[in-house]
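# Descriptive analysis of the structure
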Amino acid sequence: MTRLGVVFGAVIAVAELVDCHRDSGCCTPWGEPDVHHLVLANVRRLVMPVSAVGRLGLWDLDDTVLSEAATVLSETEVEGS
Ligand SMILES: [Zn+2]
């Protein structure tokens, strides 16, 4: 969805989830206290956003959004090489 040219609800990057741990005063300055921390690696910004409805927490993308994100990611990697 766009309003005034701003995209709302979109996949804007792809990353690997490499760790999940309970807060122990780590991950400063961004880690919030008393929650689980998700550690990402290999974050790749997509050259254009892929429309998707967001949700709280972790969820699986539907097949259509996943396919479109994979296509844009392949275009991103060609442009970045
Ligand atoms: Zn942490």
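For the structure itself, consult the block above.
Analysis parameters
Per chain, the residues get numbers from 1 upward, laid out in the order the sequence is written. At least 70 in pLDDT is required for a residue's local features to be given in this predicted model, at least 80 for side-chain atom pairs to be given and counted, and no such filter applies to totals for whole chains, interfaces and linings, which use all residues. Strands here mean DSSP runs of E at least two residues long; helices mean DSSP runs of H or I at least four residues long; both are numbered from the N terminus. For the radius of gyration, the atoms used are the C-alpha atoms, and the globule rule reads 2.2 Å times the number of residues raised to 0.38. Exposure classes come from backbone-placed C-beta atoms, where a residue is buried if 20 or more other C-beta atoms lie within 10 Å of its own, exposed if 12 or fewer do, and partly exposed in between. Distance between backbone-placed C-beta atoms decides contact: two residues are in contact if it is within 7 Å. We treat two strands as partners when DSSP finds at least two bridges between them.

## Structural notes on the overall build of the protein
When helices and strands are tallied, the protein shows 1 helix and 4 strands. Counting from the amino terminus, helix and strand elements in the protein follow one another as β-β-β-β-α. Whereas a compact globule of 81 residues would reach a radius of gyration of roughly 12 Å, the protein reaches 15 Å, over 25% beyond that. Taken over the C-alpha atoms alone, the protein extends approximately 40 × 30 × 25 Å along its principal axes. A buried classification covers 2% of the 81 residues belonging to the protein. In the protein, of all internal contacts separated by at least 6 residues, the share reaching a separation of at least 24 is 59%.

## Some remarks on the pairing of strand 3 (residues 10–22)
Within strand 3, only 0 of the 13 residues are buried, leaving the element largely exposed. Both strand 3 and strand 4 (residues 36–51) contribute to a ladder of 10 bridges, which runs antiparallel. Across the sheet, the residue bridging to aspartate 19 is valine 39, located in strand 4.

## Focus on unusual backbone geometry
Between threonine 28 and the following residue, proline 29, the backbone shows a cis peptide bond with an omega angle of 5°. For proline 29, the location among the structural elements is in the loop between strand 3 and strand 4. Non-glycine residue cysteine 27 carries a positive phi angle of around 55°. As for its placement among the helices and strands, cysteine 27 is situated in the loop between strand 3 and strand 4. Of the residues examined, cysteine 27 has 13 C-beta atoms within 10 Å and is grouped as partly exposed. For asparagine 42, which is not glycine, the phi dihedral falls at a positive 55°. When the 8 C-beta atoms within 10 Å are taken as the criterion, asparagine 42 is described as exposed.

## Some details on the environment of isoleucine 12
Take isoleucine 12: it is sitting in strand 3. Exposure remark for isoleucine 12: the 13 C-beta atoms within 10 Å place this residue in the partly exposed category. Spatially, the C-alpha atoms of isoleucine 12 and alanine 69 are 8.8 Å apart, while their sequence positions differ by 57 residues. Ignoring any residue separated from it by four or fewer positions in sequence, one finds isoleucine 12 in contact with Arg45, Leu46 and Pro49.

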